Amino acid sequence: MKVLVIGGGAREHALCRSLSLDPDVTALHCAPGNAGIAEVAELHTVDAVDGAAVADLAQRLEADLVVVGPEAPLVAGVADAVRERGVPVFGPSAQAAVLEGSKAFAKDVMAAAGVPTARSYLCTTPAEIDAALDAFGAPYVVKDDGLAAGKGVVVTEDVETARAHALACDRVVIEEFLDGPEVSLFAVTDGETVVPLQPAQDFKRAHDADEGPNTGGMGAYSPLPWADPKLVDEVLQTVLQPTVDELRRRGTPFSGLLYAGLAITSRGVRVIEFNARFGDPETQVVLARLRTPLSALLHAAATGTLAALPPLRWSDDAAVTVVVASHNYPGTPRTGDPIGGLTEVAEQDAPGAYVLHAGTKKDDATGEVVSAGGRVLSVTATGPDLAAARERAYRALGRITLDGSHHRTDIAARAAGES
């Protein structure tokens, strides 16, 4: 199978790494990719949100499968453009991807499907914003209705901070605060059959002890030793399958990766949000544990044959990933700084620990790998338990140098019994 992956972050590097280890994948391409992906796939230049350009590239490469990684190309209809050329594509249509592209649309789908979620108001005027903030009280949860690369949500005790974020959005969803731990659960679907993956937990705040601003994610781990063993089945029955069924009923079947962000509250499981693609950094740890060849799973979803796929196989090992972020992230990040230690990790820590590139590129003049974004690297490790995986991840991270960078030191610590 010839596979083309669209995107250039750590999520796409994780996808490409798994596909590169898949014996059924005979050729692996990525557009636009990054410095790390270049080691396992052939890179191509393409505008990722230009459906015609992506479809042209897929046809030129004679791809048997196109995997669309980020949300922006999905909402822009890239999967539709590729599908129209007769090329199997993993990723929902533009109409179905509105499930991520609009929080208000997602709330409407959940209401129709009877999916448990937070009570909320869609606001478009200052008066509506003030009324919603007053109705719920602190802590305030304010979400930009549109795409915001994982950074459109503010959770705060301060009403003025909440109001300022709300006023900066064209349309904003204000909802009740959900207590309890958060869980990310991915499911692969072909529009009818839904196959859940293993759950993960990510860390959104920039600094240790969940301090600082929200980010796209600073680390993740899987499995969740504290979670109810029946959690995945419960979410499949009450959240994932009803949502997929409702979208199909509406004439906009969802095929691809359905990501449910969940809160395990005192009143039961509640959906915080849906995404229409693999989440970053949870993908890094979930794929590290998947033993079923990835290409077969994604191709079955793209071709409507998931029901015939054997049950997924998983490693008993745990996985931890820690994000190395550039100076000032999640504000305007500094870029162009050289990254050291990558060769040392590859030589001394593999295969138990490895680096997945996010915001990196090769400096044409020096040949060095340099930072090129906010989240620069994901250091991922596996081990017989979370404590061992954590120790390996942080040992490998200690070899990496990036001026001004920062990372959290407490990823998976509590779950591993270390804090």
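As a reminder, the structure under discussion sits directly above these lines.
Cut-offs and rules
- Sequence order as written defines residue numbering, which begins from 1 separately in each chain.
- Given that the model is predicted, a residue must reach a pLDDT of at least 70 before its local features are reported, and side-chain atom pairs must reach 80 or more before they are shown or counted; all residues, however, enter totals for whole chains, interfaces and linings.
- Side-chain metrics in this entry use all non-hydrogen atoms of the structure; hydrogen atoms and water are not considered.
- Helix numbers and strand numbers start at the N terminus; a helix is a DSSP run of H or I with at least 4 residues, a strand a run of E with at least 2.
- The size measure is the radius of gyration over C-alpha atoms, and the globule rule it meets is 2.2 Å times the number of residues to the 0.38 power.
- Classification of residues uses two cut-offs on accessible area relative to the type maximum, computed with a 1.4 Å probe and protein chains only: under 20% is buried, over 50% is exposed, and between them is partly exposed.
- Working rule for contacts: check all heavy atoms of both residues, and any pair within 4.5 Å makes them a contact.
- We score Asp and Glu as negative and Lys and Arg as positive, and we do not count His or the chain ends.
- The location of each charge is read from NZ of Lys, CZ of Arg, CG of Asp or CD of Glu.
- Pairing between two strands is assigned when DSSP locates at least 2 bridges connecting them.
- Note on geometry: axes are lines fitted to C-alpha atoms, helical ones only across the stretch in contact, with angles between N-to-C directions running from 0 to 180 degrees.
- Pairs of N or O atoms within 3.5 Å make up the polar contacts considered here, provided that, within protein, one atom can donate a hydrogen while the other can accept it, and that residues adjacent in sequence are counted only when both atoms are side-chain atoms.
- When a carboxyl oxygen of Asp or Glu lies within 4 Å of a side-chain nitrogen of Lys or Arg, that pair is called a salt bridge.

J.: So what exactly am I meant to see when it comes to the overall build of the protein chain here?
T.: Check the secondary structure of the protein chain and you find 13 helices and 24 strands. Scaling as 2.2 N^0.38, a compact globule of 419 residues should have a C-alpha radius of gyration of about 22 Å, and the protein chain matches this with 20 Å. Along the longest, intermediate and shortest principal axes, the C-alpha atoms of the protein chain span 55 × 45 × 40 Å. Expressed as a percentage of its 419 residues, the buried residues of the protein chain come to 57%. A fraction of 69% describes how many contacts in the protein chain between residues 6 or more apart in sequence connect residues 24 or more apart. One finds the centroid of the 35 positive side-chain charges in the protein chain at a distance of 2 Å from the centroid of its 56 negative side-chain charges.

J.: Explain helix 6 (residues 103–113) here, please?
T.: The periodicity of an α-helix, 3.6 residues per turn, causes residues three or four positions apart to be oriented the same way. The complete set of buried residues in helix 6 reads Lys103, Ala104, Ala106, Lys107, Val109 and Met110. The elements touched by buried residues of helix 6 are helix 5 (94–101), strand 6 (120–123), strand 7 (140–144), strand 9 (172–175), helix 9 (231–249) and strand 17 (268–275). With its phi angle positive at about 70°, glycine 114 sits one or two positions after the end of helix 6.

J.: I'm lost on unusual backbone geometry in this one. Help?
T.: With an omega of -10°, the peptide bond between alanine 138 and proline 139 qualifies as cis. The residue proline 139 is located in the loop between helix 7 (126–136) and strand 7 in this model. Here the bond from tyrosine 329 into proline 330 is cis, since omega is 10°, no more than 30 degrees from zero. The phi dihedral of aspartate 210 falls on the positive side, at around 55°, and the residue is not glycine. For aspartate 210, the position within the fold is in the loop between strand 13 (205–207) and strand 14 (211–214).

J.: Sorry if this is basic, but what is going on with the sheet that holds strand 10 (residues 182–189) here?
T.: Across a sheet, paired strands are connected by hydrogen bonds in the backbone, their directions being either parallel or antiparallel. Taken together, four strands build an open sheet; the order of strands is 11-10-16-17 and the sheet is antiparallel. Strands at the two margins of the open sheet, each flanked by one partner only, are strand 11 (194–196) and strand 17. Adjacent strand axes in the sheet meet at a mean angle of 35°, parallel and antiparallel pairs treated alike. As paired strands, strand 10 and strand 16 (residues 256–265) are joined by eight bridges and run antiparallel to one another. Of the residues in strand 16, the one forming a bridge with alanine 187 is leucine 258.

J.: How should I be thinking about the environment of aspartate 179 in this particular structure?
T.: Summarising the element assignment, aspartate 179 is placed in the loop between strand 9 and strand 10. Separated by 168 residues in sequence, aspartate 179 and glutamate 347 place their C-alpha atoms 43 Å apart. Every residue in contact with aspartate 179, bar those within four places of it in the chain, is listed here: Ala263, Ile264, Thr265 and Ser266. Looking at aspartate 179, its side chain comes within polar contact range of the side chain of serine 266, at 3.3 Å.

J.: I would appreciate a short explanation of the pairing of strand 10 in the present structure.
T.: Consecutive side chains along a regular strand alternate between the two faces of the sheet. Most of strand 10 is tucked away: seven of the eight residues are buried. Note that strand 10 and strand 11 share three bridges and pair antiparallel. Counterpart to valine 188 in the pairing with strand 11 is valine 195. What sits between the antiparallel neighbours strand 10 and strand 11 is a turn of four residues, in which glycine 191 has the positive phi angle 105°.

J.: Looking at this structure, how should I read the pattern of salt bridges?
T.: A side chain with one charge can pair with a side chain of the opposite charge if their charged atoms come near. For the structure shown, the criterion picks out 26 salt bridges. In this structure, arginine 85 and aspartate 56 form a salt bridge, with 2.8 Å as the shortest nitrogen-oxygen distance. Highlighted residues: arginine 85 in the loop between helix 4 (78–84) and strand 5 (89–90) and aspartate 56 in helix 2 (residues 51–60), separated in sequence by 29 residues.

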